[in-house]
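Observations on the three-dimensional arrangement
If you want the building blocks of each chain, they are given just below.
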Amino acid sequence: MPNWLLPENIADVLPSEARKIEELRRLLLDNFRRYGYELVMPPMLEYLESLLTGAGADTDLRTFKLVDQLSGRTMGVRSDMTTQVARIDAHLLNRVSVTRLCYAGSVMHTRPSGLHATREPLQIGAEIYGFAGLEADAEIQELALASLALAGIRTVRLDLCHVGIVRAIMAVDANARANEGAVFALLKSKDAPGLRDLTASFGAVARNAILALPDLYGDVSTIERARKVLPPLPGIVAALDDLQALSKLAGTAQITIDLADLRGYHYESGAMFAAYVPGLPNAVARGGRYDHVGEAFGRARPATGFSMDLRELARLLPAAERSSAIRAPWGTEVALRERIVALRQSGEVVIQNLPGHENDQEEFNCDRALVLDNGNWILENLG
Ligand SMILES: N[C@@H](Cc1c[nH]c[nH+]1)C(=O)O
């Protein structure tokens, strides 16, 4: 095997794609800043215990592990920055008020999370801590949709679901609670026969409600259907109210309600969303409420946020235009060097020719050249 081959689902990013990704990263981070989100940079590696605190079993499975030569302890490569940012909020900032944080960085997955998915997503996201009300969820949803719009995406389908519904059902039935893991797994795969078998020993309220969930899928009218079919437990009513309010705030996005959709990283505790765009099989943005992660870090803080994979998003953008540039000779003459510095300071791309490589700059379109004219360095248009 040639020694330059990369592992499966791991890739280099070449110039034109890298430029698109980087421009999108800046655009999105600048927009987060305009909403008041402060940028944080958690580490790539952490001790496994802290990396997995508050996260579910699927995070454990998707985390690459290695041994720290300094401490002998097991470390993990982050597979999701959300829990890291929750740790920062819980331990390092110690603020009592609302904190808005954002981040962008590579995460690694042991296995691709979907068809053709990379194992090294470039995760970008934003999180709000310290506010339990729906207003924070609404802001996160708005920011996610605004981010997709900035990425040039016009048609978005927003899938909404709410963990509170299953939780409310579990709360009234000890048998159901004892089988929580299995209920979640079967709901996730919409395995109706499996659910029927499993719920046979549950009380009628929990059983009927759980069996109804896989069919509670469709447009916004699903919420009204759910109100009729599901028991009027306070947790269910509140969750359906949340979904109704959030669906009204989704702008032009097409809404789908899926009350059995529990995909995610198992830390969510309330309303959740996933955004899909035509042409991509995997969700381009995911988010939701996860109030118990801070608690696992020793400081209970309500939390909600979203994240996206910049590599995936950038693939949807049209190829970046080659940027215009100025070709300049290589030289040590002071006037030439000063002119080049001034042009670069004004934002121009100035590429100095190296001998024998006059036209090598694929990413750039050298439409002007710096030439010596009567002792002055002037710009000449290239036809
Ligand atoms: N980090 C989660 C999404 C999320 C961010 N905040 C809350 N949820 C994911 O990648 O699926």
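Here goes a summary of the coordinates provided. (Residues numbered from 1 in each chain as written. Predicted model: local features only at pLDDT ≥ 70, side-chain atom pairs only at ≥ 80, totals over all residues. Heavy atoms only, no water.)

**A short note on the sheet that holds strand β16 (residues 376-381)**
Judged by pairing direction, the sheet is mixed, and its 4 strands sit side by side in the order β14-β13-β15-β16 without closing on themselves. Sheet topology places β14 (350-352) and β16 at the edges, where each strand pairs with a single neighbour. Taken pair by pair, the neighbouring strands of this sheet meet at an average axis angle of 35°, ignoring direction. The strands touched by helix α15 (residues 334-345) are β13 (323-328), β14, β15 (364-373) and β16; relative to β16, the strand with the most contacts, the crossing angle is about 50°. (Pairing = 2+ DSSP bridges. Helix = DSSP H or I, 4+ residues; strand = E, 2+ residues; numbered from the N terminus. Axes fitted to C-alpha atoms, helices over the stretch in contact; angles between N-to-C directions. Contact = heavy atoms within 4.5 Å.)

**Focus: the pairing of strand β5 (residues 99-106)**
Of all 8 residues in β5, 6 are buried, a share of seventy percent or more. Note that strand β1 (residues 38-39) and β5 share 2 bridges and pair parallel. Along β5, the bridge assignment pairs E38 with L101. As judged from the 8 bridges shared by β5 and strand β6 (residues 122-129), these two strands associate in the antiparallel manner. Bridged to A104 within β6 is I124. (Buried < 20%, exposed > 50% of the residue type's maximum accessible area, 1.4 Å probe, protein only.)

**Considering the environment of R339**
Looking at the element boundaries, R339 is found in helix α15. Classification of R339 as partly exposed rests on a relative accessible area of 30%. If near-sequence neighbours (up to four positions away) are discounted, R339 is found in contact with L370, W377, I378 and L379.

**Description of the site of the ligand**
The local shell around the ligand consists of D80, T82, Q123, E127, Y267, R286, G287, G288, Y290, G305, F306 and S307. Within the side chain of D80, an N or O atom sits 2.9 Å from a nitrogen atom of the ligand. At 3.5 Å from a nitrogen atom of the ligand is found a main-chain nitrogen or oxygen belonging to F306. When the free accessible area of the ligand is taken as 310 Å², the share hidden by the protein chains comes to 95%. (Near = heavy atom within 4 Å. Polar contact = N/O pair within 3.5 Å; in protein donor to acceptor, adjacent residues only side chain to side chain. Areas by Shrake-Rupley, 256 points an atom, 1.4 Å probe, with all protein chains shown as cover.)

**A short note on the nonpolar core**
Counting 72 residues, the largest nonpolar core has L213, L230 and L259 as its most contacted members. Among the elements that line this core, the one with the most residues is helix α5 (residues 134-150), at 7 residues. Residues I88, L101, V107 and V293 belong to the second largest nonpolar core, which totals 15 residues. (Core = buried A, V, L, I, M, F, W, Y, C linked by side-chain atoms within 4.5 Å.)

**Focus on the packing of helix α6 (residues 163-171) against helix α12 (residues 234-248)**
One way to put it is that α6 packs onto α12 with a least axis distance of 8 Å and a crossing angle of 175°. Classified by the angle between their axes, α6 and α12 sit roughly antiparallel to one another. Two secondary-structure elements touch here, α6 through G164, I165, A168 and I169 and α12 through G235, I236, A239 and L240. Here the residues of the contact of α6 with α12 sort into 6 nonpolar, 2 polar and no charged. (Parallel < 35°, antiparallel > 145°, perpendicular 65-115°, else oblique. Nonpolar A, V, L, I, M, F, W, Y, C, P; charged D, E, K, R; others polar.)

**Some remarks on the pattern of salt bridges**
As a working rule, side chains carrying opposite charge can pair if their charged atoms are close by. For the structure on display, the rule yields 21 salt bridges. As a salt-bridge pair, E224 and R227 come within 3.5 Å of each other at their nearest N and O atoms. In this pair, E224 and R227 both sit in helix α11 (residues 221-229), 3 residues apart, roughly one turn of the helix. Classification of E224 by relative accessible area gives partly exposed; the value is 36%. Note that R368 is salt-bridged to D367, the shortest N-O span being 3.1 Å. (Salt bridge = Lys/Arg side-chain N within 4 Å of Asp/Glu carboxyl O.)

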